[in-house]
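Chain and residue survey
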Amino acid sequence: MGAAVDLDLLLHAAVNGLTLGLVYALVALGLSFIWGVMDVVNLAHAEYLMLAMYATYWVWALGRISPGAAIPIVVPLFFVLGWLTYQLLVRHILRAPLATQIFATFGLLFFLRYGAFAAFGPNVRGVLEAGAAGSILLFGVPVAVPKVIAAAVSLAAFAGLTVLLRRTKTGRALQATAQNRDVALALGIPTEQMYALAWAISIASVGLAGALLVPFYQVSPTIGDAFLLIAFASVVLGGFGRVDGALVGGICIGLVENVLGTLLLPTFKLLFVFVVFVLMLLVRPEGLVGEPQ
């Protein structure tokens, strides 16, 4: 009886971990993509997630537009925000020492976080009505409809970016810029535009993740803390700079967090993520799908 209960609990945790892991993968996608194209670690990445959640919340609160319907508003807005971030900050530090890049994005993190505190206050906000959306059976496990939709949209976003990179002229130009900027310039590729586009895609993807998370997460100015660890752990687990690595890493982190958190100690589920993060750095720093340097 006990074993049957444990297996049922394990299946529930695994299915929920899989669906949530796909959204984690989308959170990590932009972080990995920026590193892959221009070798910049954006420590403020999760703050854009927080801002996207606020944007989705306010679209719902002021316009009574559901989080799903707000995606066509939020994603283009964050695409532009990413492009502006590159033009106003990132392009000035692109060829600076690594320490300068780290301090610049760390400063951006504080600017965005305390800007949110000033604008929205410290109170937690959430879209309460979304919880009554019902559920769908996945492998016999009932999963809330917003989670299923979020997982499906995340997969579609990965597929869309993969098609863009492999099947379009712009995608090939992005890959050429990532491999060697000087050679790409010699071939006539506008590398500055490619960098700006990469940054815009990165912030738009985390903006999409923020909109998808609002139905089952409340937002506050500090919510980026937990997701920054999850994003870094996903990228390290899958492989820095790889789109497929972010997908694999995000799913693995979702499973680790939910399965171990459910079966062992729910309070310490983020600790399990941190342990995986450290172990992967020590044992296989190139990640599960990365290639040894």
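That block above? That's the structure.
Presented here is a report on the structure given in the accompanying data block. (Residues numbered from 1 in each chain as written. Predicted model: local features only at pLDDT ≥ 70, side-chain atom pairs only at ≥ 80, totals over all residues. Heavy atoms only, no water.)

**Focus on the overall build of the chain**
Along the backbone of the chain there are 11 helices and 2 strands. The order of helices and strands in the chain, counted from the N terminus, is α-α-α-α-β-β-α-α-α-α-α-α-α. Relative to a compact globule of 293 residues, whose C-alpha radius of gyration would be 19 Å, the chain shows 19 Å and is just as compact. Taken across its 293 residues, the chain has 48% of its residues classed as buried. In the chain, 76% of the contacts between residues at least 6 apart in sequence involve partners at least 24 apart. (Helix = DSSP H or I, 4+ residues; strand = E, 2+ residues; numbered from the N terminus. Rg over C-alpha atoms; globule rule 2.2 N^0.38 Å. Buried < 20%, exposed > 50% of the residue type's maximum accessible area, 1.4 Å probe, protein only. Contact = heavy atoms within 4.5 Å.)

**A look at the environment of Phe-78**
Along the chain, Phe-78 falls in helix H3 (residues 67-93). In this structure the C-alpha to C-alpha distance between Phe-78 and Ala-204, which are 126 residues apart in sequence, comes to 4.8 Å. Those residues within four positions of Phe-78 in sequence are excluded, and the remaining contacts are Tyr-48, Leu-51, Ala-52, Ala-55, Ala-200, Ile-203, Ala-204 and Gly-207.

**With respect to the nonpolar core**
Of all hydrophobic cores here, the largest spans 84 residues; its most connected members are Phe-33 and Met-38. Here this core gets 14 residues from one element, more than from any other, and that element is helix H8 (residues 191-213). Apart from residues no more than four positions distant in its own chain, Phe-33 is found in contact with Leu-161, Leu-165, Leu-174, Ala-198, Ile-201 and Val-243. (Core = buried A, V, L, I, M, F, W, Y, C linked by side-chain atoms within 4.5 Å.)

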